[in-house]
Amino acid sequence: MAARFPVVCGDTRWPSSVRTYQRNAAVDRVRHPMLGGATASVNPCAFWHGERVEGPVRITGRGPANVLISQNERDPGTPLAGAREMRGALGGRAVLVTADQGGHGTYLFGANECANGAVTAFLARGERPTGDLACPAQPNRPGDGTGPLTGERAAPLVRPALPHRCPVTRAGALRAAPRAPAPPRSPRRARSPGRTASRWP
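Attention in this report is confined to the structure presented alongside it.

In this section: the state of the cysteines. Throughout the structure, instances matching the rule amount to two disulfides. Covalent S-S linkage joins cysteine 9 and cysteine 45, the inter-sulfur distance amounting to 1.9 Å. What sets the handedness of the cysteine 9 and cysteine 45 disulfide is the S-S torsion sign, and at about -75° it is left-handed. With cysteine 9 in helix H1 (residues 4-11) and cysteine 45 in the loop between helix H2 (18-31) and strand E1 (67-74), the pair connects residues that are 36 residues apart, well separated along the chain. When sorted by exposure, cysteine 9 lands in the same class as cysteine 45, which is buried. The disulfide bridge from cysteine 114 ends at cysteine 135, spanning 2.1 Å between sulfur atoms. With the S-S dihedral at roughly -60°, the linkage between cysteine 114 and cysteine 135 falls on the left-handed side. In this pair, cysteine 114 sits in helix H4 (residues 113-125) while cysteine 135 sits in strand E3 (residues 133-135), placing the two residues 21 residues apart along the sequence.

As C-alpha cells, this is what we get:
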C-alpha cells in the first residue's frame, strides 16, 4: 500500500470534499449492490498533499516485446475490459492470457492449470504464447475451494467461529457472555477551600 498510494494519488487530482465521497458511495450502493459503495468511499487520496512529480506515462507499442498480461474473465476489482485496453495500447509488445474464472488475481490464486502454466513458463524460462491465449474453465479439485463447480463435489463448508460475546449453549441457543466485574470506584479528594470535590483522574 505504501507504494500504491503515491502512484494512485499522484497520477490525478482527487476531490477533497468528504461530502463528494458520501454522495458517490450512496450512488454506488444502488448501482452496484454486490460490491456496494466501498470503492467510492473516502480514501487517503482526498488528503494527499504531494504534487505530481511528472505527467502520466503514455503507453504505446514502442519498446521490447516482453510483456505478458494475465487476467480473469470475471474479476470484480480489475475488470477484463481494462486488460484488453492495456493489451491494445501495448500492441505487439504484449500477449494476453485470460482465464475463464472469477476472483481477483489469476496466477496461483485460481486452479486454472492453463493460465498458471503460461505464467510459470514466462517467469521461469521467458517463454510466452505465440498469441493471445484464452484458457477455458476447468472443474475445481475437491478440497481446494477454487474454480467453478462442474460436476465435482464442492469443498466442505467451514463454519466461522461465533463472536466471543455469543457462546453457544448446549441447547444451541445464544446467550450473552458474562460481563466483567466493574472496577472499584476511585476515592474522592478531600474538599479544600475554594475548590469543588473531584474524582481522581
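This next bit is on the nonpolar core. Within the largest apolar cluster, seven residues are counted, these being Leu68, Val97, Ala99, Ala115, Ala118, Val119 and Cys135. Those elements giving two or more residues to this core turn out to be strand E2 (94-102) and H4. Looking at this core, the element that brings in the most residues is H4, giving three residues. Core analysis: the second largest hydrophobic core is formed by five residues, Ile69, Ala83, Ala94 and Leu96 among them.

In this structure, E1 lies alongside E2, joined through seven bridges in parallel fashion. What sits directly across from serine 70, in E2, is valine 97. For the crossover that starts at E1, traverses helix H3 (residues 80-90) and ends in the parallel E2, the hand is right-handed.

Let's shift gears to the pattern of salt bridges. Under the criterion given, the structure shown has four salt bridges. Between arginine 87 and aspartate 132 there is a salt bridge, with its nearest N and O atoms 2.9 Å apart. Here arginine 87 is found in helix H3, whereas its partner aspartate 132 is found in the loop between H4 and E3, with 45 residues between them in sequence. A residue is classified by how much of its surface remains accessible, and aspartate 132, at 46% relative accessible area, is partly exposed. A single network of salt bridges, built from pairs that share partners, joins Glu73, Arg74 and Asp100.

Turning to H3, a few remarks are in order. Burial in H3 covers these residues: Leu80, Ala83 and Leu90. Each buried residue of H3 sits inside an arc of 90° when the element is viewed along its axis, so together they form one side. Seen from the open side of H3, the exposed residues pointing more than 90 degrees away from its buried face are Ala81, Glu85 and Gly88. Where H3 is buried, its residues touch E1 and E2. Count one or two residues on from H3 and you reach glycine 91, which has phi positive near 60°.

Moving on: the side chain of asparagine 72. Of note, asparagine 72 is situated in strand E1. Classification of asparagine 72 by relative accessible area gives buried; the value is 0%. A polar side-chain atom of asparagine 72 sits 2.9 Å from the main-chain carbonyl oxygen of glycine 103. Apart from the residues within four sequence positions on either side, asparagine 72 is in contact with Leu80, Ala99, Gln101, Gly102, Gly103, His104, Gly105 and Thr106.

Conventions we followed
- Residues numbered from 1 in each chain as written.
- Predicted model: local features only at pLDDT ≥ 70, side-chain atom pairs only at ≥ 80, totals over all residues.
- Heavy atoms only, no water.
- Disulfide = S-S within 2.5 Å.
- Helix = DSSP H or I, 4+ residues; strand = E, 2+ residues; numbered from the N terminus.
- Buried < 20%, exposed > 50% of the residue type's maximum accessible area, 1.4 Å probe, protein only.
- Core = buried A, V, L, I, M, F, W, Y, C linked by side-chain atoms within 4.5 Å.
- Pairing = 2+ DSSP bridges.
- Right-handed = clockwise from strand over helix to strand, strands pointing away.
- Salt bridge = Lys/Arg side-chain N within 4 Å of Asp/Glu carboxyl O.
- Arc of directions from axis to C-beta.
- Contact = heavy atoms within 4.5 Å.
- Polar contact = N/O pair within 3.5 Å; in protein donor to acceptor, adjacent residues only side chain to side chain.

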